[in-house]
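Below are the chains, spelled out letter by letter.
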Amino acid sequence: MTIHAKTALLGSEWVSSLRIEIDAGSISSVEIGELPQASDTCVDVLLPALANLHSHAFQRAMAGMTEVRAAGKESFWTWRTLMYQFLDRLTPEHTEAFAAQVFMEMQEAGYASVGEFHYVHHQPGGAPYSQLSELSQRIFAAALQTGIGLTHLPVLYTYGGVRREPLTGGQLRFGNDLDRFLILVDDCRGKANQANADTVVGIAPHSLRATSPDDLQRLLDQSPTGPVHIHIAEQVQEVEDVQAMLGQRPVGWLLEQAAVDENWCLIHATHMTGAETAALARSGAVAGLCPITEANLGDGIFNGSVYLEAGGRFGVGSDSNIRVSLPEELRTLEYSQRLRDQSRAVLVRSEGSVGHTLYAGAALGGARALARDAGEISVGKLADLMAIDRSHPTLCGLADDQLLDGLCFAAPDGLVTDLWSAGRHMVQDGKHVSRDSIVPAYCSAVADLLARL
Ligand code: ZN
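Quick look at the structure, then. (Residues numbered from 1 in each chain as written. Predicted model: local features only at pLDDT ≥ 70, side-chain atom pairs only at ≥ 80, totals over all residues. Heavy atoms only, no water.)

## A look at the coordination of the zinc ion
Here's step 1: Protein coordination at the zinc ion comes from His54 (NE2), His56 (NE2), His231 (NE2) and Asp319 (OD), with a distance range of 2.1 to 2.6 Å.
Here's step 2: Bound by four donor atoms, the zinc ion shows angles of 82 to 171° at the metal and therefore irregular coordination geometry.
Here's step 3: Binding-site remark: the zinc ion is held by donors from one chain whose sequence spacing is H-x1-H-x174-H-x87-D. Residue His231 is found in strand β10 (residues 228-232), and its partner Asp319 is found in the loop between β13 (313-316) and α11 (326-341); the two are separated by 88 residues along the sequence. (Donors = N, O, S within 2.8 Å, 3.2 Å for Na, K, Ca; no water. Tetrahedral: all angles 85-135°; square planar, octahedral: opposite > 155°, others 65-115°. Helix = DSSP H or I, 4+ residues; strand = E, 2+ residues; numbered from the N terminus.)

## Some remarks on the pairing of strand β12 (residues 286-289)
Here's step 1: Burial along β12 is two-sided: Val286 and Gly288 facing one way and Ala287 and Leu289 facing the other are all buried.
Here's step 2: Sheet topology note: the strand β11 (residues 264-268)/β12 ladder contains three bridges and is parallel. Bridge pairing in β12 links Ile267 to Gly288.
Here's step 3: For the segment spanning β11, helix α8 (residues 274-283) and β12, crossover handedness is right-handed.
Here's step 4: Across four bridges, β12 lies against β13 in parallel orientation. By the bridge assignment for β13, Ala287 is matched with Phe314. (Buried < 20%, exposed > 50% of the residue type's maximum accessible area, 1.4 Å probe, protein only. Pairing = 2+ DSSP bridges. Right-handed = clockwise from strand over helix to strand, strands pointing away.)

## Thoughts on the packing of α11 against helix α13 (residues 403-410)
Here's step 1: Remark: α11 packs on α13, axes separated minimally by 8 Å, with the N-to-C direction vectors making an angle of 85°. Regarding the angle of α11 to α13, the classification is roughly perpendicular. Counting all contacts with α11, which are made through Pro327, Leu330, Arg331, Glu334, Tyr335 and Arg338, the residues of α13 involved are Leu407, Cys408 and Phe409.
Here's step 2: Partitioned by chemical class, the residues of the contact of α11 with α13 number six nonpolar, no polar and three charged. (Axes fitted to C-alpha atoms, helices over the stretch in contact; angles between N-to-C directions. Parallel < 35°, antiparallel > 145°, perpendicular 65-115°, else oblique. Contact = heavy atoms within 4.5 Å. Nonpolar A, V, L, I, M, F, W, Y, C, P; charged D, E, K, R; others polar.)

## What to know about the layout of surface pockets
Here's step 1: Its boundaries defined by the atoms lining it, the largest pocket holds a volume of some 680 Å³.
Here's step 2: Contributing to the lining of the largest pocket are 31 residues, with Phe76, Arg80, His206, Arg209 and Glu234 lying nearest its centre.
Here's step 3: Those elements giving two or more residues to the lining of the largest pocket turn out to be α1 (77-89), α6 (236-246) and α9 (291-297).
Here's step 4: Here the lining of the largest pocket takes four residues from α1, the largest share from any one element.
Here's step 5: When the residues that make up the lining of the largest pocket are grouped by side-chain class, the tally is nine nonpolar, 13 polar and nine charged. (1 Å grid on protein atoms, 1.4 Å probe; cavity = no way out; pocket = protein on both sides within 12 Å on 5 of 7 lines; lining within 4 Å. Points joined across faces, edges and corners; volume = space filled by probe spheres on them.)

## Thoughts on the nonpolar core
Here's step 1: With 89 residues, the main nonpolar core has Leu47, Phe103, Leu254 and Trp264 as its most contacted residues.
Here's step 2: Top element by residues in this core is helix α2 (residues 92-109). It accounts for seven residues.
Here's step 3: Apart from the residues lying within four places of it in its own chain, the contact partners of Phe103 are Ala57, Val114, Glu116, Ile139, Ala142, Ala143, Thr146 and Ile148.
Here's step 4: Ranked by size, the runner-up nonpolar core spans 37 residues in total, among them Tyr157, Phe174, Ala204 and Ala445. (Core = buried A, V, L, I, M, F, W, Y, C linked by side-chain atoms within 4.5 Å.)

## Re the sheet that holds strand β15 (residues 416-421)
Here's step 1: Across the sheet, eight strands lie side by side as β3-β2-β1-β4-β14-β15-β16-β17; this open sheet has mixed pairing. Of all the strands in the sheet, the pair left with one neighbour each is β3 (26-32) and β17 (431-432).
Here's step 2: Summarising the sheet, strand β16 (residues 424-428) and β17 pair through two bridges and their orientation is antiparallel. Its bridge partner lying in β17, Val427 is registered against His432.
Here's step 3: Here α13 sits on the sheet and contacts β1 (2-10), β2 (13-23), β4 (41-48) and β14 (385-388); the angle it forms with β4, its principal contact strand, is near 80°.

Here's what the structure looks like:
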């Protein structure tokens with residue numbers, strides 16, 4: 001397949017009349033200043049598509065159901081209560097239908113790939129399915145159906161709290177001790193051979209609350225390959241609990257106790273001291289930021305300006321999937337910093353375009369976090385690409401080097417005309433090629449689950 005773009009972001013440079021060839025999912029040649037040929041797929045502005053580095057797909061079906069406050073209850077209560085009600089009823093069929101819907105929405109929003117932080121493994125009550133990886137296989141099936149690039153992250157979840165409390169209620173569906181978890185990961189790696197060739201299987205110790213220091217160390221010793229993702233320092237209560245139990249704040253503890261390097265992605269990392277922020281940046285790990293979800297859950301504000309100044313890598317994820325919007329994810333990140341600092345254009349090192357810094361940074365960091373050789377348009381990289389239409393009124397007056405500012409701060413959703421996941425051309429004319437079958441299946445799965453509540 002050959003794509004011709006009037007304008008494209010090639011590496012960090014804007015170029016005109018770009019032709020690129022895709023072979024076996026990767027970019028095999030790049031030519032600048034070429035006229036389109038009859039068989040080319042012609043687009044307006046071609047960009048590297050982002051990786052969505054953190055998702056819990058099934059939570060998409062809860063969006064809009066928990067924006068109420070219950071009298072006398074803490075604010076997180078409605079969200080957590082509904083999640084556990086969902087978990088008591090969620091079937092393998094629901095899992096696949098919900099994931100297909102949200103993966104499709106991600107691609108239409110401009111994400112070529114997703115890191116699925118997958119923690120629901122077992123039947124209600126905690127009994128394993130006859131195939132231990134049943135629900136992971138449903139995620140693989142949804143990735144095949146949508147064509148999205150998948151980095152599957154089976155979650156190790158052993159305890160109900162930092163003092164190794166036993167799992168209860170809805171948590172029983174998450175639970176594995178380390179031995180069974182390692183079997184599950186092996187099983188997922190075997191099954192991934194039947195998925196798209198660019199599928200990656202990593203590991204995700206859920207958090208310092210749900211795994212013990214001993215298990216974490218054994219896990220890292222026994223599963224040395226693949227990306228490692230972990231939730232960390234999302235809420236103040238968690239920071240206090242970990243500090244009381246382990247004698248140190250979560251990010252500081254992890255950086256000292258584990259060999260955190262560029263294979264790691266620390267999800268949220270919201271509550272960090274200045275020293276923790278600088279140390280995380282030095283480690284080479286990616287900070288997995290989920291600005292829309294963090295705002296929705298009231299988590300707090302990431303220490304972004306200090307982290308960026310220290311050269312820290314970052315990417316973005318849609319986490320709870322309350323909204324799937326790539327521009328909104330990036331602008332929420334920047335706006336949180338502006339509101340805190342009472343300042344403008346915060347997330348830039350020294351000088352330059354905020355939109356470009358956010359977009360290009362999240363493209364490279366997201367790909368790194370998902371172990372995808374992607375994140376920029378360059379020969380040899382995976383063809384994770386998105387095209388947008390600059391004739392839209394919010395972009396038509398902008399110069400090339402203002403386009404990403406327009407996309408991040410001014411444009412509505414829905415400007416993505418085309419999207420390729422490892423060369424698979426899944427969004428065409430603004431619509432996912434399988435939308436007409438995915439949406440009805442999703443709506444009937446939601447109705448079926450709600451009928452069981
Ligand atoms: Zn999460």
